[in-house]
Amino acid sequence: MHIAEGYLPPEQAAAWFVVSAPFVVHGSRALVRQVRADPDSKLLLGAAGAFTFALSALKIPSVTGSSSHPTGTGLGAVLFRPPVMSVLGGIVLLFQALLLAHGGLSTLGANIFSMAIVGPWVAYGSYTVVRRAGGGLGPAVFAAAALGSLATYGVTVAQLALAFPDPVSGVGGALAKFGGIFAVTQIPLAISEGLLTVLVVRLLSRTSGDDLRRLGLLRPAAEVRA
Amino acid sequence: MFALDIAAHTGPWRGRHPAEKALLALGLLVCAVALPTWPAALLSGGAAAVLLAAARVPLVVVLRAGRVPLLFVATSTVPLLVSMPAPARLAIDPAGLPLAAQTAGRSVAALTCLLLFTATTPLSDVLPRLHRLGVPPAVTEVAALTYRMLFLLVESVGAVRQAQAARLGFRTWRTAYRSLAGQAGAVFVRALHRARRLEEGLAVRGYTGSLAVQVAAHRVSVPFVAATTVLLGAIVTVSTGLVSPW
């Protein structure tokens, strides 16, 4: 759910740039270090960015009869880790604004915060918690994708509520209003994205096991046998 | 390719320097967002709409690109027209109308300005120049690689979807989800395969870590920049009330 160009008041739009900046700078530094150590990783990162963008071209059937697209933050965070996702997600959001007019330049800071920072961190945190608790790959990936998508939706609703508090009940009332209006599509979408991501990872485990092992999603074969 | 990118690559403003188009379109965008909405949104959005026509951007491209963001604006404006006096109780709030109109007006104007930039400026002209704004070269190179690969991958998604539809892959919810997983899996495999092929191709050419590409030289048009400055100056002056337009 991208906040459209110009929708946020200027001071709020600027504030979200300030909030997102440290995460993007930290991610950029991590990316620069990684590329310096291994110049070939630039190609993998480019491919990861293009993959994240292409995920948004998938059309998930929606309960409202139309179709929605996944955020891709859950799968991206699990495969490529949240710091890198803050940069890759920022690049993808910039491309979505400039190639599709989804989101915008003035709202880029707010959209980066919800979709490239909070979404991936919640997704990665959920994945780690489920794995450490002894959960299998499927439940962990489902939790990552569904909660990452829900967190993105929750932050976007909070951003809108902070920008446009209810005249009577304040930010709390605005949270209920914006949350209610988008919940119809976003909650089923989060569950759909979770299920879809499990199917994707299950498919990739069969067809691209080596790639998933290299990215750390699957354990090395020797370790599994041991 | 994407309709906006095609319009940017084939339009009459293709040869103009990206900086002058950025000054015009993004200058108008800043005016639409930062200045008092009335009359800045009308002036900036109106100017951007006229300039879209002057740049011969097809109306159908503009309208199609505007559908999704306008749906968001329409949906998100509804909560501004109601208030919540008590939990789970909503009441129509006529006082919310000015705020709703202001927000929607600002957003539509800013969207028109964004479309002026995207429909006249190819992303391939912008990316190699981002390092001049302080973006690390490694980040701009990753962005350029992403840009090069995404067309292939999005096309792959379309081709796989078409093949699956021809095999009744979207007949039920169950088959639809299996087909979607197949699309994402195909894209993942193709993305990594593409990265590996690029890696091998660059290695045999003596890749040292730099992916510098030749950027077409464009000259900045002084009359264009001067006209832009006058236009932006006029909008700022009128909108801040220094000169009454009426």
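Residues numbered from 1 in each chain as written. Chains lettered and ligands numbered in written order. Predicted model: local features only at pLDDT ≥ 70, side-chain atom pairs only at ≥ 80, totals over all residues. Heavy atoms only, no water.

Undergrad: Explain the overall build of chain B to me, using residue names and the numbers behind them.
TA: Looking only at helices and strands, chain B features nine helices and two strands. Whereas a compact globule of 246 residues would reach a radius of gyration of roughly 18 Å, chain B reaches 23 Å, over 25% beyond that. Summarising its shape, the C-alpha atoms of chain B cover approximately 65 × 55 × 30 Å along the three principal directions. Across the 246 residues of chain B, 48% fall into the buried class. Accessible surface, chain B as shown: approximately 12,700 Å² in total, 67% of it carbon and sulfur. (Helix = DSSP H or I, 4+ residues; strand = E, 2+ residues; numbered from the N terminus. Rg over C-alpha atoms; globule rule 2.2 N^0.38 Å. Buried < 20%, exposed > 50% of the residue type's maximum accessible area, 1.4 Å probe, protein only. Areas by Shrake-Rupley, 256 points an atom, 1.4 Å probe, with all protein chains shown as cover.)

Undergrad: How would you explain a nonpolar patch on the surface if you had to name every residue and give the values?
TA: All names here are of chain A. Taken together, the side chains of Leu 147, Leu 150, Ile 187, Ile 191 and Leu 195 present a nonpolar region at the surface, about 390 Å² in accessible area. Of all the secondary-structure elements, those providing two or more residues to the nonpolar patch are helix H6 (137-163) and helix H7 (170-207). Per-element accounting of the nonpolar patch gives the leading share, three residues, to H7. When you line up the elements, Ile 187 lands in helix H7. We classify Ile 187 as partly exposed; its relative accessible area is 37%. (Patch = residues over 30% accessible without salt bridge, like charges linked within 9 Å, V, L, I, M, F, W, Y side chains within 5 Å. Salt bridge = Lys/Arg side-chain N within 4 Å of Asp/Glu carboxyl O.)

Undergrad: How would you summarise the pairing of strand E1 (residues 82-86) of chain B if you had to cite specific residues and measurements?
TA: All names here are of chain B. Both E1 and strand E2 (residues 89-92) contribute to a ladder of three bridges, which runs antiparallel. Among the inter-strand pairings, Ala 86 is bridged to a residue of E2, identified as Arg 89. In this structure, the hairpin formed by E1 and E2 is closed by a connection of two residues, where Ala 88 is found at a positive phi of approximately 60 degrees. (Pairing = 2+ DSSP bridges.)

Undergrad: Give a detailed account of the interface of chain B and chain A, specifying residues and quantitative values.
TA: Between chain B and chain A, the contact holds 75 residues from the first and 74 residues from the second. The contact between chain B and chain A buries some 6,000 Å² in all, and 80% of this surface belongs to carbon and sulfur atoms. Of all residues in chain B, Phe72(B), Tyr177(B) and Phe188(B) bury the most surface against chain A, accounting for 12% of the area lost on that side. At the junction of chain B and chain A, the tally comes to two salt bridges. Measuring nitrogen to oxygen at the nearest pair gives 2.3 Å for the salt bridge that ties Glu141(B) to Lys42(A). At the level of secondary structure, the elements contributing two or more residues to the side of chain B that touches chain A comprise helix H1 (3-10), helix H2 (18-34), helix H4 (59-77), E1, helix H5 (97-118), helix H7 (137-166) and helix H8 (173-204) of chain B. Its residues assigned to classes, the side of chain B that touches chain A shows 54 nonpolar, 13 polar and eight charged. (Contact = heavy atoms within 4.5 Å. Buried area = accessible area lost by both parts, 1.4 Å probe. Nonpolar A, V, L, I, M, F, W, Y, C, P; charged D, E, K, R; others polar.)

Undergrad: Break down the environment of Thr207(A) for me, citing the residues and quoting the values.
TA: Topologically, Thr207(A) is positioned in helix H7. Spatially, the C-alpha atom of Thr207(A) lies 36 Å from that of Thr156(A), the residues being 51 residues apart in sequence.

Undergrad: Just give me the short version of the nonpolar core, but keep the residues and values in it.
TA: With 106 residues, the main nonpolar core has Phe51(A), Leu79(A), Phe95(A), Leu28(B) and Leu116(B) as its most contacted residues. Here the element with the most residues in this core is H7(B); it accounts for eleven residues. A domain split of this core shows at least three residues from each of domain 1 (3-121 + 217-239) and domain 2 (135-204) of chain B. The contact partners of Phe51(A), leaving out residues within four places of it in the chain, are Leu75(A), Leu79(A), Phe80(A), Leu153(B), Ala184(B), Val187(B), Phe188(B) and Ala191(B). Judged by nonpolar contacts, the second largest core, of 32 residues, contains Ala4(A), Phe178(A), Phe182(A) and Leu80(B). (Core = buried A, V, L, I, M, F, W, Y, C linked by side-chain atoms within 4.5 Å. Domains from an automatic or database assignment.)

Undergrad: Quick rundown of helix H1 (residues 10-37) of chain A? Include the residues and the values.
TA: Look at H1(A): 40 Å from first C-alpha to last across 28 residues, which is about the 40 Å you get at 1.5 Å a residue. The largest bend in H1(A) is about 35 degrees, located at Ser20(A), with the proline Pro22(A) one to four residues further on. Those residues of H1(A) lying buried are Ala13(A), Trp16(A), Ser20(A), Gly27(A), Ser28(A), Ala30(A), Leu31(A), Val32(A) and Val35(A). Along its buried surface, H1(A) packs onto helix H2 (41-55), helix H4 (82-100), helix H5 (108-132) and H6 of chain A together with H7 of chain B. (Expected span 1.5 Å × (residues − 1). Bend = angle between axes of the 7 residues up to and from the residue.)

Undergrad: Explain the packing of aromatic side chains to me, and be specific about the residues and the numbers.
TA: Residues and elements named next belong to chain B. Going through the model one piece at a time under the given rule, you end up with twelve aromatic pairs over all chains. Taken together, a centroid distance of 5.5 Å and an interplanar angle of 50 degrees make the contact between Phe 2 and Phe 151 tilted. Of this pair, Phe 2 sits in the segment before H1 while Phe 151 sits in helix H7, and the two are 149 residues apart along the sequence. For the pair Phe 2 and Phe 151, a shared accessibility class is recorded, and that class is buried. (Phe/Tyr/Trp six-rings, centres within 6.5 Å; stacked < 30°, edge-to-face > 60°.)

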